[in-house]
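For reference, the chains in residue letters:
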Amino acid sequence: MMRVAGWLLGFSLLASPALAADPATSIKSLIDRQIEAFLADDGATAYSFASPRLQEVFPNPDVFMSMVKSAYRPVYRPQSVAFGRLRDQNDAYIQEVFLVDPDGVEWTALYALQQQPDGSWRIAGCQLTKEPRVSA
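All values derive from a computational prediction rather than experimental measurement.

## Comments concerning the overall build of the protein
Within the protein, the secondary structure is distributed over six helices and five strands. In the protein, the succession of α and β elements from N to C terminus is α-β-α-α-α-α-α-β-β-β-β. For the protein, with 136 residues in total, the buried portion stands at 46%. Surface accessibility of the protein: about 7,100 Å² in total, with carbon and sulfur atoms responsible for 50%.

## A word on unusual backbone geometry
With a phi close to 50 degrees, D41 is a non-glycine residue in the positive phi region. Position of D41 relative to the elements: it lies in the loop between α2 (23–39) and α3 (43–48). Here D41 falls in the partly exposed class, since its relative accessible area comes to 43%.

## Concerning the pairing of strand β4 (residues 106–115)
Looking down a regular strand, the side chains alternate between one sheet face and the other. The sheet contact formed by strand β3 (residues 92–100) and β4 spans nine bridges and is antiparallel. By the bridge assignment for β4, V100 is matched with E106. Here β3 folds back onto β4 in antiparallel fashion, the turn holding five residues, of which G104 has a positive phi close to 85 degrees. Summarising the sheet, β4 and strand β5 (residues 121–130) pair through nine bridges and their orientation is antiparallel. Residue pairing in the sheet places A109 in a bridge with L128 of β5. In textbook terms, the turn of a hairpin is the stretch between consecutive antiparallel strands, and for β4 and β5 this stretch comprises five residues, one of which, G119, has a positive phi near 95 degrees.

## Digging into the side chain of S120
Relative to the helices and strands, S120 resides in the loop between β4 and β5. Here D118 takes part through its side chain, which lies 2.6 Å from a polar atom of the side chain of S120.

## Re α2
The end-to-end C-alpha distance of α2 is 24 Å, a good match for the 24 Å that 17 residues give at a rise of 1.5 Å each. Within α2, the full set of buried residues consists of P23, A24, S26, I27, L30, I31, Q34, I35, A37 and F38. At the exit of α2 stands D41, carrying a positive phi of roughly 50 degrees.

## As for the nonpolar core
By size, the foremost hydrophobic cluster in this structure holds 29 residues, and its most contacted members are F38, F64, V68, V75, L99, Y111 and L113. Of all elements in the fold, only α2, α3, α5 (61–71), α6 (73–76), β3, β4 and β5 reach the threshold of two or more residues within this core.

## Focus on α5
Buried within α5 are the following residues: F64, M65, M67 and V68. The buried residues of α5 occupy one face: seen down the axis, they fall within an arc of 160 degrees. Of the exposed residues in α5, the ones pointing more than 90 degrees away from its buried face are D62 and S70.

## Overview of the environment of V68
Its place among the elements puts V68 in helix α5. By relative accessible area, V68 is classed as buried at 0%. For the pair formed by V68 and G43, sequence separation is 25 residues and the distance between their alpha carbons is 9.9 Å.

Cut-offs used in this document
- Residues numbered from 1 in each chain as written.
- Predicted model: local features only at pLDDT ≥ 70, side-chain atom pairs only at ≥ 80, totals over all residues.
- Heavy atoms only, no water.
- Helix = DSSP H or I, 4+ residues; strand = E, 2+ residues; numbered from the N terminus.
- Buried < 20%, exposed > 50% of the residue type's maximum accessible area, 1.4 Å probe, protein only.
- Areas by Shrake-Rupley, 256 points an atom, 1.4 Å probe, with all protein chains shown as cover.
- Pairing = 2+ DSSP bridges.
- Polar contact = N/O pair within 3.5 Å; in protein donor to acceptor, adjacent residues only side chain to side chain.
- Expected span 1.5 Å × (residues − 1).
- Core = buried A, V, L, I, M, F, W, Y, C linked by side-chain atoms within 4.5 Å.
- Arc of directions from axis to C-beta.

Right, here's the structure in full:
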């Protein structure tokens, strides 16, 4: 259940007005805005970026933030954030984001974004993968 909730959460963390001709800039801005909301403990704003489906699973900002704090620490409190590839996936985009968590551990987050009927974009889920340590 937590895996499903986590996948749904990660893919539903963003919302925004309609994207410009180049969705990459808008998508990056949305993810930045949500991470800023997490860093400010602004649950209402962070929750507003979630897709309608995620908002069904997590019915209010407090429940949503509780899940993020427990299952998405690298997204909730990143030391650094860097964007990777953006992939078009049949009516959705997948944005690769590289994060370093508070303990210095590296993670890759795959954000799924879906365009809403009004033209806005919202996060439909996020999948986190811990990066393996490479020793010399």
